[in-house]
Amino acid sequence: MIKMKKVNTELIPVIHMINENQVLTNVETCLSCGIQKVFIINHQTTSEELIKCAERVKKTYPNLWVGINMLDKYVEDAILYEFDFDGLWCDQSIKLEDYKYRKFKGMLFTGLAFKYQPQPKDIELACKESILTSDVSTTSGPGTGKAAAINKILELRSHLGEHPMAIASGVSVDNIENYKGIVDYLLVASSITSRSEIIYKDKLLELLDYLI
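Residues numbered from 1 in each chain as written. Predicted model: local features only at pLDDT ≥ 70, side-chain atom pairs only at ≥ 80, totals over all residues. Heavy atoms only, no water.

Enquirer: Where do I start with the environment of Ile123 in this structure?
Expert: Counting through the fold element by element, Ile123 comes out in helix α5 (residues 123-133). Taking the C-alpha atoms as reference points, Ile123 and Lys152, separated by 29 residues in sequence, lie 9.9 Å from one another. When near neighbours in sequence (up to four residues on either side) are disregarded, Ile123 contacts Glu155, Leu156 and His159. (Helix = DSSP H or I, 4+ residues; strand = E, 2+ residues; numbered from the N terminus. Contact = heavy atoms within 4.5 Å.)

Enquirer: Quick question: what am I supposed to make of the environment of Asp98 here?
Expert: Take Asp98: it is sitting in helix α4 (residues 96-99). According to the relative accessible area criterion, Asp98 is partly exposed, its value standing at 24%. Sequence separation between Asp98 and Ser172 is 74 residues; the distance between their C-alpha atoms is 35 Å. When sequence neighbours within four positions are dropped, the list of residues in contact with Asp98 reads Glu76 and Ile79. (Buried < 20%, exposed > 50% of the residue type's maximum accessible area, 1.4 Å probe, protein only.)

Enquirer: How do you make sense of the packing of aromatic side chains when you look at a structure like this?
Expert: Two descriptors summarise a pair of aromatic rings, namely the distance from one centre to the other and the angle between the planes of the rings. Applying the stated criterion across every chain, the model contains nine aromatic pairs. Plain terms: the ring middles of Phe39 and Trp89 are 5.4 Å apart, the flat faces sit at 65 degrees to each other, and that makes the pair edge-to-face. Of this pair, Phe39 sits in strand β2 (residues 37-41) while Trp89 sits in strand β4 (residues 87-90), and the two are 50 residues apart along the sequence. For Phe39, a relative accessible area of 0% translates into the label buried. On the accessibility criterion, Trp89 (5% relative accessible area) is buried. Their ring planes at 45 degrees and their centres at 4.9 Å tell us that Phe83 and Phe85 sit as a pair that is tilted. (Phe/Tyr/Trp six-rings, centres within 6.5 Å; stacked < 30°, edge-to-face > 60°.)

Now the structure itself:
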């Protein structure tokens, strides 16, 4: 295990898009809590609707870092988009031969031992490839809303070195301190969001308090 440098962990709320008004409501809540980055995901809409909505968010709040995750697009196709969003997140990992066609110029978050994706047989090799094909290596627990085992996170971090890393499932007040200072980004939805996909301001603020 290599010696790990402590990082400043940042929380990025993930908004599961239902419609434009719901997204804007959540963005306003995030801004009122001092959030600087958000991801918007199209669980219930098309990529085209997601892009249109994210463009409105970016136009309305130009200083807000806005990223998207197009769940109905493969990573090989997603990186061909040349939109002006700050971030693009894909659940899948990407092969080096496909990555060379990347046109997206913002921060690229790609999956590493991510939920519901084929799991790497060689973790060290997967980390080396992720360093070459992502700006942020993004992992998760075994399922939506399920926390990642700390041993898994420590192993990935040891192989990634100082390459940026994110966790995208199961982060809550019960475990956030396990990840603080180890991962660069915590992508959070389930623990701060209602069943109608509205972010609870009090729960978001409570999580943020742990990162101070």
